[in-house]
Structures are given as C-alpha cells and as structure tokens.
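Given next are the chains, with one letter for each unit.
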Amino acid sequence: MKDKLLKDIEILICKNNLKEAIKLTKTNYKKYKDICFLHQQLKILEKLKKNKDVITLLLKIIKLQSKDVFLIKKLAYKFFVNKQYKKAIKYYHMVVSLEPNNSKNYYNLACAYDYYNKFKEAEYYYNCALVVNPRDINALNNLGLIKYTNKNYTSAIKIFKKAMSINSEHPEAYHHMGIINRDYLNDMELAILYLRKARRLDPKYFNNTYQLALTYQKAQNIEMAKFEFNNCLKLNSSHKESIKALKKLN
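Computed from a predicted structure; not experimentally measured. Every chain's residues receive numbers from 1 upward, in the order its sequence appears when written. With the structure being a predicted model, the display of local features is reserved for residues of pLDDT at least 70 and the display and counting of side-chain atom pairs for 80 or more, all residues being used for whole-chain, interface and lining totals. Side-chain metrics rest on all non-hydrogen atoms present in the structure, leaving aside hydrogens and water.

1. Here we look at helix α15 (residues 240-249)
So, point 1. Every buried residue belonging to α15 is among Ser242, Ala245, Leu246 and Leu249, and all of these are buried. Buried positions in α15, seen along its axis, are confined to an arc of 100 degrees and lie on one side of it. Exposed residues lying more than 90 degrees from the buried face of α15 are Lys240, Lys244, Lys247 and Lys248.
So, point 2. The secondary structure elements touched by the buried residues of α15 are α13 (206-218) and α14 (222-235). Think of it in three bands: residues with accessible area under 20% of the maximum for their type are buried, residues over 50% are exposed, and the middle band is partly exposed, with areas taken using a 1.4 Å probe on protein chains only. Numbering goes from the N terminus for both helices and strands, where a helix is a DSSP run of H or I of at least four residues and a strand is a run of E of at least two. Working definition: the arc comes from the directions between the helix axis and the C-beta atoms, pointing outward to the latter. When checking whether two residues touch, look at their non-hydrogen atoms; a contact exists if any pair is within 4.5 Å.

If you want it as structure tokens, here you go:
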C-alpha cells in the first residue's frame, strides 16, 4: 500500500500538482511514520523554493537519519546561502567528521568561517583541504586571498604561483598576482601582463577589466587607461568609478 501511495505522489509531482502531492506526503507520514514520505515532501518544498520550510524539514529528517551525509551537506549549504554562517559551520563540522578524507568538505567549512570573518579558522581548514588534496585550486586561491588581505604578500605570491603551476588557466590567481605586483611590488609592467592574462581567461568578469584600467592609470598610460575604462562601461554602463575616472582623464 505504501509503495502505491509513494508512486501516486511521484506522479502528482511529475504532473506539477504539488499542493495535492504535499497533502498526501503529510497525511501518509502521520499514518505510516515512513521517512520516505518526508523525503518526497522535501523534494516538493525544494521545487516550491520554500527555503525556510526546507530547512525545518531537513532538521527533522536529520534527527531520524543522523549519519546521512548528503542531507547534512544540503542543510549546511542552505544555512550558508542564507548567510547563517554559524549554523553552517556547525553542520559542515558534522560533514567533516563523517567524511574526513574529502578535501571539498574542509574547503566548504573554511569558506563558512571565511564569510563569518573567522580568518584564523578559515586558514586552518583551507590548509586541511590542501593536506587531503594539495592540488585543490579553490582552497589555494582563498588561502592566498587571506594572506594578501593580512598583507602577508610573500606567502600570497608563493600560493598564487603554486596555483598557476597546477592550473595555468586559473584566472583568479593571475588577477590577484596583478594587483600584488601593482600595489605591493610597484611593477606596473608585470601587473598589466597578469591582469591581461586574467581577462583573456575570464573576459566577462568585470573586475579584470576595471583593475587593468586602474593599473594603466597608475602607470600614467593615459590613452590605454581611457581605453580600458571605456571597456568597463561596455560591460557596465552605469559604473560610477569608471565614469568619474574618464572625466578626470579627459
């Protein structure tokens, strides 16, 4: 009987009759206390994009299935995108304890700490990700950013160079190396080379073009600065800083 009911609910979901489907999941969970009905309810709530209800239901299911890594990851991610970083950290810690040999888990935990402005903890878990997978480009990139933000430029340069040696087409590393060469090493020529490479690899990322324009401006190459600020306005016609810069240069 339960199998038939579950199939009926699945058909209703396929037909997009979600109100009727969710009624059946609730009624039949009360009757049978079978977690399968809760999983179907979760599927419907996700389709309806009811994030608060999804979180509430995930918490309920996890109490019944405390070792289900997939569900705990989903809950941690929901808290993360809702900017509830403290709660995200709690559940990413659970994920790490259940799957300690997965670098992505340490990376996600580090990101949650990063966004929560707990940079020492973030740095620690980015390094944990790199112990499990030394070629984790995203962990290297974010670790390099922490070093750069804390003005530990020597370490940041080493990390970004390592990222580029692992993946020579990783635009973020070239982008950050460009800014470091401009603002810290005062090497405009190398800064321009790095930022041009970053833009070639990711031409739609606005900040590649904007930082390149700022670098030409600092290098006092007025014509190229104007050219790149105009390119900024092609990407974002209302960008105030580019408009101001062009007026000043003209």
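So much for the structure itself; the text now carries on.
2. Quick word on the side chain of Lys78
So, point 1. With respect to the element layout, Lys78 can be found in helix α5 (residues 69-81).
So, point 2. No salt bridge is formed by the buried Lys78, whose closest oppositely charged neighbour, Glu46, lies at an N-O distance of 4.7 Å.
So, point 3. Polar side-chain contacts of Lys78 include one of 3.4 Å to the side chain of Asn51.
So, point 4. Not counting residues up to four positions away in its chain, the partners in contact with Lys78 are Glu46, Asn51, Val54, Ile55 and Leu58. For the purpose of counting charges, residues Lys and Arg are taken to be positive, whereas Asp and Glu are taken to be negative. His and the chain ends are not included. By definition, a salt bridge exists where a carboxyl oxygen of Asp or Glu is found within 4 Å of a side-chain nitrogen of Lys or Arg. Counted as a polar contact is a pair of N or O atoms within 3.5 Å, where, for protein atoms, one must be capable of donating a hydrogen and the other of accepting one, and residues adjacent in sequence contribute only when both atoms are in side chains.

3. With respect to the environment of Asn236
So, point 1. Along the chain, Asn236 turns up in the loop between α14 and α15.
So, point 2. Asn236 sits in the partly exposed class, given a relative accessible area of 28%.
So, point 3. C-alpha separation for the pair Asn236 and Asn17, spaced 219 residues apart in sequence, amounts to 41 Å.

4. Observations regarding a positive patch on the surface
So, point 1. Patch rule: a residue counts if its relative accessible area is over 30% and it has no salt bridge; like charges are joined within 9 Å, and nonpolar side chains (Val, Leu, Ile, Met, Phe, Trp, Tyr) within 5 Å. Accessible surface area values rest on a Shrake-Rupley calculation with a 1.4 Å probe, where residue burial reflects the displayed protein chains alone. By convention, the point assigned to a charge is CZ for Arg, NZ for Lys, CD for Glu and CG for Asp. There is a patch of like positive charges on the surface, built from Lys19, Lys23, Lys26, Lys30, Lys33, Lys50 and Lys60.
So, point 2. With four residues, helix α2 (residues 18-32) is the largest single contributor of residues to the positive patch.
So, point 3. One can find Lys26 in helix α2.

5. Side note on the packing of aromatic side chains
So, point 1. Note on aromatic contacts: the rings of Phe and Tyr and the six-membered ring of Trp form a pair at centre separations within 6.5 Å, being stacked when their planes are under 30 degrees apart, edge-to-face when over 60 apart, and tilted otherwise. Scanning the model with the defined rule gives 13 aromatic pairs in all.
So, point 2. An angle of 50 degrees between the planes, with centres 5.9 Å apart, marks the rings of Tyr107 and Tyr126 as tilted. Here Tyr107, found in helix α7 (residues 103-115), pairs with Tyr126, found in helix α8 (residues 119-132); they are 19 residues apart in sequence, far enough to count as distant.
So, point 3. A centroid spacing of 5.8 Å and a plane angle of 5 degrees characterise the contact between Tyr113 and Tyr125, whose relative ring orientation is stacked. Here the residue Tyr113 occupies a position in helix α7, and Tyr125 occupies one in helix α8, the gap between them amounting to twelve residues. Like Tyr113, the residue Tyr125 is buried in the burial classification.
So, point 4. In this structure an aromatic cluster arises from ring pairing among Phe80, Tyr85 and Tyr115.

Coordinates in, geometry out; function isn't part of it.
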